[in-house]
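What follows is the residue order along each chain.
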Amino acid sequence: MIDKILKKAAEGYQLQDGEVIQLFRIRKSRDLASLMKTAFNIMRENRGSVKLTSTVHITNMCQVRPRCGYCGFAAGTSKNGYYNSFFKTDDEILEAALIIEESGIPRVSCSGAHGFNGEHAVKAARIVKENTSLELLINVGSDLNRSATEKLADYGTDTVCCNLETTNRELFSRVKPGERIEDRIRVCEMVSEAGIELSSGLLIGLGESYADRLEHLKFLSKFETLGEIPIMGFNPYPGTPMEEHPPCPLSEQMKTIAITRILYPDIRITVPTPTIGPENVRFSLMAGADNLATVIPDGYPHDVKGVGSPRYGNLRDVLKVVKEMGLRAQLKPAPSAEGVALL
């Protein structure tokens, strides 16, 4: 039965909900390998090269109360994360962006905590877009209003990320008691209305069902400018309310990435290296992902803690994996040159 479903997917036919659920229920290693191979081939046919995205964390001074149950990013939540408060200065943001550009990484994510009505995001967009040729993703969750979103568009922001994380409303309220899912949906709608590419994804392993994951993936199709779906696996940060919650198994992340690729052949699928684990980057590509995030070059000037884990992917190590898999990573030449190289 699994082989028939995968053959149908490989030939470009739309799967029924029940068929997708059967793929989520895969347990045999042989079937998982077949699922990943199908998704990998779809990725190569429709996407081709691998995007790399680095990061600048603007601030961890989050005003959300109560705090999200799993968060190790906000100040004071976990001593393994960003425990001490910080707010990057303009010069610090610029310094990091210039080093990322010099490394050849073509894209940067500027992310930050809630409580600033998006003005910290607008500042970062101005700095990056006025001083570099980097593609820019802004991720401040639902901390955007319409004015800030329009300013982001004016600065030429390429992508805005607002992860719903789960569309199971009871689960969302339980793990994110200080937020409302309606606010995140509203931001996704505003981003689409502004004509900016939307990135919005899933945080899996929180306790959601396979039906929840499928409904979430289907729900994302309502946003007209959806161009990227991050797939993030839960990892517990010590000191947080969910520190005893088990981490998301690698096999569940692989299945979800592969199924997302089957459902969205042409879309960018992102895996942040902290949530997959830098040592598992290879498997995310094998499952059909085509964008690796939180990739940090040598000489990066600031401390980096991944949102899902304190670890992150080093640029040299990531490039080695991409090359070993026979794939091409998009790298930009030094700022004095022109064009994009595929290595």
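Draft legend 1. Here's a closer look at the overall build of the chain. Along its length, the chain carries 13 helices and 13 strands. In terms of overall dimensions, the chain has C-alpha extents of about 55 × 50 × 40 Å along its principal axes. Residues counted as buried form 57% of the 343 residues belonging to the chain. The contacts in the chain between residues at least 6 apart in sequence include a share of 73% that link residues at least 24 apart.

Draft legend 2. Quick look at the nonpolar core. Of all hydrophobic cores here, the largest spans 108 residues; its most connected members are Leu23, Leu35, Leu52, Cys110, Ile138, Leu152 and Leu292. At 7 residues, helix H3 (residues 29–46) tops the list of elements feeding residues into this core. Non-local contacts of Leu35, meaning those with residues more than four positions away in its chain, are made with Leu6, Leu23, Ile26, Lys255, Ala258, Ile259 and Ile262.

Draft legend 3. The arrangement of the pairing of strand S2 (residues 107–111) in detail. Burial runs high along S2: 5 of the 5 residues are buried. Burial of S2 is two-sided: the residues Arg107, Ser109 and Ser111 facing one way and the residues Val108 and Cys110 facing the other way are all buried. With 5 bridges joining them, strand S1 (residues 51–57) and S2 adopt parallel strand pairing. Within the sheet, the bridge partner assigned to Ser54 lies in S2 and is Val108. Between the parallel elements S1 and S2, the chain passes through helix H4 (residues 90–103) in a crossover that is right-handed. Note: S2 against strand S3 (residues 135–139), 5 bridges, orientation parallel. Across the sheet, residue Ser109 finds its bridge partner in S3, namely Leu137. Taking the sense of rotation as the criterion, the β-α-β connection linking S2, helix H5 (residues 119–131) and S3 turns out right-handed.

Draft legend 4. How the structure looks around empty space enclosed by the protein. Inspection of the entire model under this criterion finds 2 cavities of 30 Å³ or more. When its volume is computed, the second largest cavity comes out at roughly 50 Å³. Around the second largest cavity sit Glu165, Thr166, Thr167, Leu202, Leu203, Ile204, Glu208, Asp212, Arg213 and His216, which together line it. For the lining of the second largest cavity, the secondary-structure elements that each account for two or more residues are strand S6 (202–204) and helix H9 (210–220).

Draft legend 5. Summary view of the environment of Ala96. For Ala96, the location among the structural elements is in helix H4. By relative accessible area, Ala96 is classed as buried at 0%. Along the chain, Ala96 and Thr275 lie 179 residues apart, while their C-alpha atoms are 22 Å from each other.

Draft legend 6. Geometry of the packing of aromatic side chains. Tallied over the full model, the rule gives 5 aromatic pairs. Summarising the aromatic geometry, the rings of Phe24 and Tyr210 are spaced 5.3 Å apart at their centres and angled 10 degrees between planes, so their arrangement reads as stacked. One end of the pair, Phe24, is in helix H2 (residues 17–24); the other, Tyr210, is in helix H9, and 186 residues separate them in sequence. Per residue, the accessibility class of Phe24 equals that of Tyr210, and both read buried. Note on Tyr82 and Phe86: the rings are 4.9 Å apart at their centroids and 65 degrees apart in plane angle, and the pair reads as edge-to-face. The pair formed by Tyr82 and Phe86 is uniform in burial state, with each residue classed as buried. One aromatic cluster is present, formed by Phe73, Tyr82 and Phe86 through successive ring pairs. We note Lys79 situated over the ring of Tyr83; from NZ or CZ to the ring centre the distance is 5.7 Å.

Draft legend 7. Seen up close, unusual backbone geometry. Here the amide bond leading from Arg65 into Pro66 is cis, since omega sits at -10 degrees, within 30 degrees of zero. Topologically, Pro66 is positioned in the loop between S1 and H4. Residue Glu165 is not a glycine yet carries a positive backbone phi of 75 degrees. With respect to the helices, strands and loops of the structure, Glu165 is situated in the loop between strand S4 (159–161) and helix H7 (169–175). Judged by relative accessible area, Glu165 falls into the buried class, the value being 12%. The backbone of Thr294 shows a phi angle near 55 degrees, a positive value even though the residue is not glycine. By relative accessible area, Thr294 is classed as buried at 11%.

Draft legend 8. The layout of surface pockets, seen in detail. If you add up the space inside the largest pocket, you get close to 410 Å³. Lining the largest pocket are 20 residues; nearest its centre among them are Tyr13, Gln14, Ile262, Leu263 and Pro265. Where the lining of the largest pocket is concerned, the elements lending two or more residues are helix H1 (2–10), H2, H3, H9 and helix H10 (250–263). Ranked by residue count, the leading element in the lining of the largest pocket is H3, at 4 residues. Of the residues belonging to the lining of the largest pocket, the class tally is 12 nonpolar, 5 polar and 3 charged.

Draft legend 9. Local environment of the packing of H4 against H5. Taken N-terminus to C-terminus, the directions of H4 and H5 make an angle of 45 degrees; their axes are 10 Å apart at the nearest point. Viewed along their axes, H4 and H5 adopt a mutual orientation that is oblique. Between H4 and H5 lies a crossing of right-handed hand. Taking contact as the criterion, the partners of Asp90, Ile93, Leu94, Ala97, Leu98 and Glu101 in H4 are, on H5, Lys123, Ala124, Arg126, Ile127, Val128 and Asn131. Split by residue class, the contact of H4 with H5 holds 7 nonpolar, 1 polar and 4 charged.

Scoring rules and cut-offs
Residues numbered from 1 in each chain as written. Predicted model: local features only at pLDDT ≥ 70, side-chain atom pairs only at ≥ 80, totals over all residues. Heavy atoms only, no water. Helix = DSSP H or I, 4+ residues; strand = E, 2+ residues; numbered from the N terminus. Buried < 20%, exposed > 50% of the residue type's maximum accessible area, 1.4 Å probe, protein only. Contact = heavy atoms within 4.5 Å. Core = buried A, V, L, I, M, F, W, Y, C linked by side-chain atoms within 4.5 Å. Pairing = 2+ DSSP bridges. Right-handed = clockwise from strand over helix to strand, strands pointing away. 1 Å grid on protein atoms, 1.4 Å probe; cavity = no way out; pocket = protein on both sides within 12 Å on 5 of 7 lines; lining within 4 Å. Points joined across faces, edges and corners; volume = space filled by probe spheres on them. Phe/Tyr/Trp six-rings, centres within 6.5 Å; stacked < 30°, edge-to-face > 60°. Lys NZ or Arg CZ within 6 Å of the ring centre and 35° of its normal. Nonpolar A, V, L, I, M, F, W, Y, C, P; charged D, E, K, R; others polar. Axes fitted to C-alpha atoms, helices over the stretch in contact; angles between N-to-C directions. Parallel < 35°, antiparallel > 145°, perpendicular 65-115°, else oblique. Left-handed = near helix turned anticlockwise from the far one by under 90°.

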